[in-house]
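# Residue-level structural notes
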Amino acid sequence: MSAGGDSDERATSEREALGAPVQPRSQQDFDSSYEGRPPWDIGRPQAAFVDVVESGGLSGRVLDVGCGTGEHVLLAAAAGYDATGIDLAWAAIAQATEKARQRGLEATFLVHDALDLASLSGPFGTVLDSGLFHVLSDADRTRYAEQLHRVVTPGGRCYLLAFSDRQSGEWGPRRVSEQELRDCFVDGWRIESVEPATYEVNLHPGRAEAWLTTVVRTETP
Ligand code: SAH
């Protein structure tokens, strides 16, 4: 995770002064986001992931990394999959656990770091990432891809929905280019597709340009 510090704090207060939404970075930032309703918490799964599930894109055990309040884990669980969601923010995990109880669905939710996936009890046939990749620093993205490789079965797929550089404006998270995505999943991965998609948010204008990236784990790192 990005370290805090004076320059980060200065950047934060500048953004506040400009009236732009503050982008959470640290575990504490994310925890406080869930005291209210964060912009990404739309109360339903992202349409892009509904399409993945409906088109038969899941297989094996499903892991949602940075699962927030659990909509995509519950989507997979409702479709009959053994689904696990992890998130650094305990408040998100508490809400997700309560949603599962209310909906009568069985799923596993854990407070756990996406950069330490190797210590999870895997392996997983499918990984979902809705809005995590784009909050990670460059160094953390590399580590994340390495950690994913350790928990995904050979032939298993990861689906990542991230803010795209085709989205104008400064609000929201750092934009990601198609090339950055491709460069991150090189050794031990095959990029199946990087497609323009939509990331739905609950503040104006309700949607952002995104990339839906599908990567397949190959046999060797
Ligand atoms: N996938 C959810 C949340 C997206 S926001 C949804 O679609 O609604 C990004 C999420 O990643 C936040 O819930 C944040 O707490 C979590 N997160 C950020 N860094 C993380 C890390 N290192 N490990 C696990 N979760 C992390």
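For the structure, see preceding data.
The structure reproduced in this document is the subject of the present report.

What counts, and at which threshold
- Residues numbered from 1 in each chain as written.
- Predicted model: local features only at pLDDT ≥ 70, side-chain atom pairs only at ≥ 80, totals over all residues.
- Near = placed C-beta within 6 Å.
- Nonpolar A, V, L, I, M, F, W, Y, C, P; charged D, E, K, R; others polar.
- Core = buried A, V, L, I, M, F, W, Y, C linked by C-beta atoms within 7 Å.
- Buried ≥ 20, exposed ≤ 12 C-beta atoms within 10 Å, placed from the backbone.
- Helix = DSSP H or I, 4+ residues; strand = E, 2+ residues; numbered from the N terminus.
- Contact = placed C-beta atoms within 7 Å.
- Pairing = 2+ DSSP bridges.
- Axes fitted to C-alpha atoms, helices over the stretch in contact; angles between N-to-C directions.
- Parallel < 35°, antiparallel > 145°, perpendicular 65-115°, else oblique.
- Left-handed = near helix turned anticlockwise from the far one by under 90°.
- Expected span 1.5 Å × (residues − 1).
- Arc of directions from axis to C-beta.

Our next topic: the site of the ligand. As a matter of local geometry, the ligand sits amid 19 residues, with Phe 30, Gly 66, Gly 68, Ala 114 and Gly 131 nearest to it. Residues that form the shell around the ligand fall into these classes: twelve nonpolar, four polar and three charged.

We now examine the nonpolar core. Ranked by internal contacts, the top residues of the largest apolar core, which has 58 residues, are Val 73, Ala 76, Val 127, Leu 148, Ala 162 and Ala 210. For this core, the leading source of residues is strand 5 (residues 152–163), giving seven residues. If sequence neighbours within four positions are ignored, Ala 210 has contacts with Leu 161, Ala 162, Phe 163, Ser 164, Ala 197, Thr 198 and Tyr 199.

So, about unusual backbone geometry. Omega for the peptide link from Gly 122 to Pro 123 comes to -5 degrees, which places this bond in the cis form. By the element assignment, Pro 123 lies in the loop between strand 3 (108–111) and strand 4 (124–130). Going from His 204 to Pro 205, the amide bond is cis rather than trans, its omega being 5 degrees.

Taken in spatial order, the seven strands make up an open sheet running 3-2-1-4-5-7-6, and their pairing is mixed. At either margin of the open sheet sits one strand with a lone partner, and together these are strand 3 and strand 6 (189–200). Adjacent strand axes in the sheet meet at a mean angle of 15 degrees when their direction is disregarded. Where strand 2 (residues 83–87) lies against strand 3, four bridges are found, and the strand directions are parallel. By the bridge assignment for strand 3, Asp 87 is matched with Val 111. This element, helix 3 (residues 47–54), spans strand 4, strand 5, strand 6 and strand 7 (207–217) of the sheet and lies at about 130 degrees to strand 6.

We now examine helix 4 (residues 71–78). In terms of residue burial, helix 4 counts as a mostly covered element, since seven of its eight residues are buried. Buried residues of helix 4: Glu 71, His 72, Val 73, Leu 74, Leu 75, Ala 76 and Ala 77, and no others. Just downstream of helix 4 lies Gly 80, where phi reads positive at about 100 degrees.

Now for the pairing of strand 7. Side chains on a regular strand alternate between the two faces of the sheet. Across seven bridges, the pairing between strand 5 and strand 7 is antiparallel. Residue pairing for strand 7: Arg 157 is matched across the bridge by Val 216. Here eleven bridges tie strand 6 to strand 7, and the two strands are oriented antiparallel to one another. Pairing of Val 194 across the sheet is with Thr 213, part of strand 7. Counted between consecutive antiparallel strands, the loop separating strand 6 from strand 7 contains six residues, among which Gly 206 sits at a positive phi close to 85 degrees.

It is at 11 Å that the axes of helix 3 and helix 4 come closest, and there the two elements cross at 20 degrees. Here helix 3 is positioned roughly parallel relative to helix 4, judged by the angle of their axes. In this structure, helix 3 meets helix 4 at a crossing whose hand is right-handed. Contacts between helix 3 and helix 4 involve Phe 49, Val 50 and Val 53 from the first element and His 72, Leu 75 and Ala 76 from the second. Grouping the constituent residues of the contact of helix 3 with helix 4 by class yields five nonpolar, one polar and no charged.

With that settled, the discussion passes to helix 5 (residues 90–103). Taking 1.5 Å of rise per residue, 14 residues should cover 20 Å, and helix 5 covers 20 Å from first to last C-alpha, within 8% of that figure. For helix 5, every residue scored as buried is listed here: Ala 92, Ile 93, Ala 96 and Ala 100. The buried side chains of helix 5 occupy one side of the element, clustering within an arc of 95 degrees when seen end-on. Facing away from the buried side of helix 5, by more than 90 degrees, are the exposed residues Arg 101 and Gln 102. Lining the buried residues of helix 5 we find helix 4, strand 2 and strand 3. Positioned one or two residues after helix 5, Gly 104 has a phi angle of 65 degrees, which is positive.

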